[in-house]
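So the chains spell out like this:
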Amino acid sequence: MRAITHLTRPNTAMAHNEEWGKPVERRGRLTAVLALATLISAFGSSFQYGYNVAVVNSPSPFMQQFYNSTYMERYDRPIEGNFLTLLWSLSVSMYPLGGFFGSLMVAPLVNRLGRKGTLLFNNIFSIVPAVMMGVSEIAKSYEIIIVARFIVGICAGLSSNVVPMYLGELSPKNLRGALGIVPQLFITIGILSAQVLGIRNILGNSTSWTLMLGLTGVPALIELLLLPFFPESPRYMLIQRGDEKTARKALQRLRGWHDVDAELSEMHLENQSEKAEGHLTVLSLLSQRSLRWQLVSIIIMNMGQQLSGVNAIYYYADSIYATAGVEPNDIQYVTVGTGAVNVVMTIAAVFIVESSGRRLLLLCGFGICCGACVLLTVALNFQETVTWMPYISITCVIIYVIGHAIGPSPIPYVVTTEMFRQSARPAAFMVAGSVHWLSNFTVGLVFPFLERGLGSYSFIIFSIICLATLVYIWLVVPETKNKTFLEISQMFAKKNKVEIKLGDGELPLKESKESPEDAVKVTAF
């Protein structure tokens, strides 16, 4: 790798780099500190996002029963069907609405409190609603549940953005993709845990559902106790706080070796290139020409992720299983099986993302989802007439879950971290998170009407969205694996027709016969 920036520290360990006289960055490894910081932040924050997505599915009949009996006690008459539907819709949809508001808080909090500080502060939005939901039955109040779902949504909105940002900044570049998928892995584990606990014989029954809702506070307490012992993001400490001493110590702990000069040099270089920009607000981010394609890309990927029909597939799954002849009482176990497939495929993505790259996983994932939606439409239409067709429907659901788990679910978070440099990253996550949660909210709101009007043909709409997202990624999104944040900015600079400034000078982007990968080596390693 050639570098344009000359830094004067010869290193005899690698002869081919000696001519450049610069620090040579060692290949990062997974140290105990880095592994534990990843697991604790992902379990304490991302796990809750997944858990709260699925926690109300299984106990919904008992919760609605509670809503009805509470209403009866207050007003001496049974609740009207429409009002019960409204209360239940609010209980479900307040969660993504809270997620949207949580996303709006990302940039101000991570800039003021830091990445780790924000995750610790965020536990308030988990512990308080956990207690509220836990005591809702004793308090005889369904309003408490609706308000608590909104507050825990704020927690999910913050954690879904801050954990990938925190881990992306802690990781060495060769592990950034794998560790960036860990939050999504814990989201799927959270969903699976809620599905398992929701089995009738465990907690999904009339006596234990409040305990099930309240358990979301446990991961938050664990994170609150353990995360303070781990380092804050070194990039945040150096670039945003100007505290090189703390950044160096943090890097030494995270990398497991003393000499971290090469990585600090790269951070200084990034810092110099950003001095002119300062901290970007969302408005300045939207008007920044040098970030135009990055911004469009994260908006389209986050919309594609949520509008690709993943929630609709889960919504439809139970009726598909029932039509295939699965006993009503056994459907909950098949649902757990689907959740387990989701977890296993996300684990697979962790191990293949660094070799296959982000782009290939996104293309394959959206391609599989597109095909599965088309096939599912056909299968659902012939389900009544062809005896073996329900089994094709079940296969389509499982194939769709596999496709979504390897690409569309985990990769947009990884790529959002990688496409932006330090000053723009908080505002970028704020935009990406807002789009993510608004799209989630929209699907929840619109799908029941789509389903009523179009029936199984609603999946054709999802297949078109998957195809459109795939085409955009194919044409615009470059491969970002094993690149520094500054190198990725250089790749996009060409698309945005701008020049990236480096300290006192600037690097013009000349047309050359070099591939984009060769042309962008502007960092110290």
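As the structure is a prediction and not an experimental result, all values here were calculated from the model. (Residues numbered from 1 in each chain as written. Predicted model: local features only at pLDDT ≥ 70, side-chain atom pairs only at ≥ 80, totals over all residues. Heavy atoms only, no water.)

Draft legend 1. Summary view of the nonpolar core. Judged by nonpolar contacts, the single largest core of 63 residues is most densely connected at M63, Y67 and Y166. With 16 residues, the top contributor of residues to this core is helix α6 (residues 142–170). Two domains share this core, each providing at least three of its residues, namely domain 1 (29–230) and domain 2 (283–500). Listed in part, the 58 residues of the second largest apolar core include L362, I394, L450 and F492. (Core = buried A, V, L, I, M, F, W, Y, C linked by side-chain atoms within 4.5 Å. Buried < 20%, exposed > 50% of the residue type's maximum accessible area, 1.4 Å probe, protein only. Helix = DSSP H or I, 4+ residues; strand = E, 2+ residues; numbered from the N terminus. Domains from an automatic or database assignment.)

Draft legend 2. Here's a closer look at a nonpolar patch on the surface. The grouping of V374, V378, F382, L454, Y457, I460, I461 and I464 at the surface amounts to a nonpolar patch, some 660 Å² of accessible area in total. It is helix α21 (residues 458–476) that contributes the most residues to the nonpolar patch, three residues altogether. (Patch = residues over 30% accessible without salt bridge, like charges linked within 9 Å, V, L, I, M, F, W, Y side chains within 5 Å. Areas by Shrake-Rupley, 256 points an atom, 1.4 Å probe, with all protein chains shown as cover. Salt bridge = Lys/Arg side-chain N within 4 Å of Asp/Glu carboxyl O.)

Draft legend 3. Up close: the side chain of Q305. Along the chain, the position of Q305 falls in helix α14 (residues 292–307). In contact with Q305, other than residues within four places in its own chain, are V310, F366, H404, P408, S409, P412, Y413 and H436. (Contact = heavy atoms within 4.5 Å.)

Draft legend 4. Local environment of the packing of helix α16 (residues 331–356) against helix α18 (residues 389–406). One can describe the packing of α16 onto α18 by two numbers: an axis separation of 8 Å at closest approach and a directional angle of 35°. The chirality of how α16 crosses α18 is right-handed. When α16 is examined against α18, the residues T338, V341, N342, M345, T346 and A349 are found in contact with a partner set consisting of V397, I398, V401, I402, A405 and I406. Its residues placed into classes, the contact of α16 with α18 shows nine nonpolar, three polar and no charged. (Axes fitted to C-alpha atoms, helices over the stretch in contact; angles between N-to-C directions. Left-handed = near helix turned anticlockwise from the far one by under 90°. Nonpolar A, V, L, I, M, F, W, Y, C, P; charged D, E, K, R; others polar.)

Draft legend 5. Region of interest: the pattern of salt bridges. For the structure on display, the rule yields eleven salt bridges. With a shortest N-O distance of 2.9 Å, D261 and R248 are connected by a salt bridge. Here R248 lies in helix α11 (residues 244–255) and D261 lies in helix α12 (residues 261–274), a separation of 13 residues in the sequence. The exposure class of D261 is buried, given its relative accessible area of 15%. One salt bridge connects R255 with E263, and the closest N-O pair in it is separated by 2.7 Å.

Draft legend 6. Geometry of unusual backbone geometry. For N482, which is not glycine, the phi torsion reads 60° and is therefore positive. Mapped onto the elements of the fold, N482 is located in the loop between α21 and α22 (485–496). Take N482: its relative accessible area is 31%, and that puts it in the partly exposed class. Of note in the backbone geometry, K497 takes a positive phi value of approximately 55° without being a glycine.

Draft legend 7. Main features of helix α20 (residues 425–454). The sharpest bend along α20 measures roughly 40° and falls at V446, with the proline P448 sitting one to four residues further on. Note on α20: the residue one or two positions beyond its end, G455, has a positive phi of about 65°. (Bend = angle between axes of the 7 residues up to and from the residue.)

Draft legend 8. Structural detail: the packing of α6 against α20. Their axes nearest at 10 Å, the elements α6 and α20 cross at an angle of 140°. In terms of orientation, α6 lies oblique with respect to α20. Considering how the two elements wind past one another, α6 and α20 form a crossing that is right-handed. Note on element contacts: α20 touches α6 through R425, P426, F429, G433 and W437, opposite A156, G157, S160, N161, P164, M165 and E169. Residue composition of the contact of α6 with α20, grouped by class: six nonpolar, four polar and two charged. (Parallel < 35°, antiparallel > 145°, perpendicular 65-115°, else oblique.)

Purely geometric numbers; function is a separate question.
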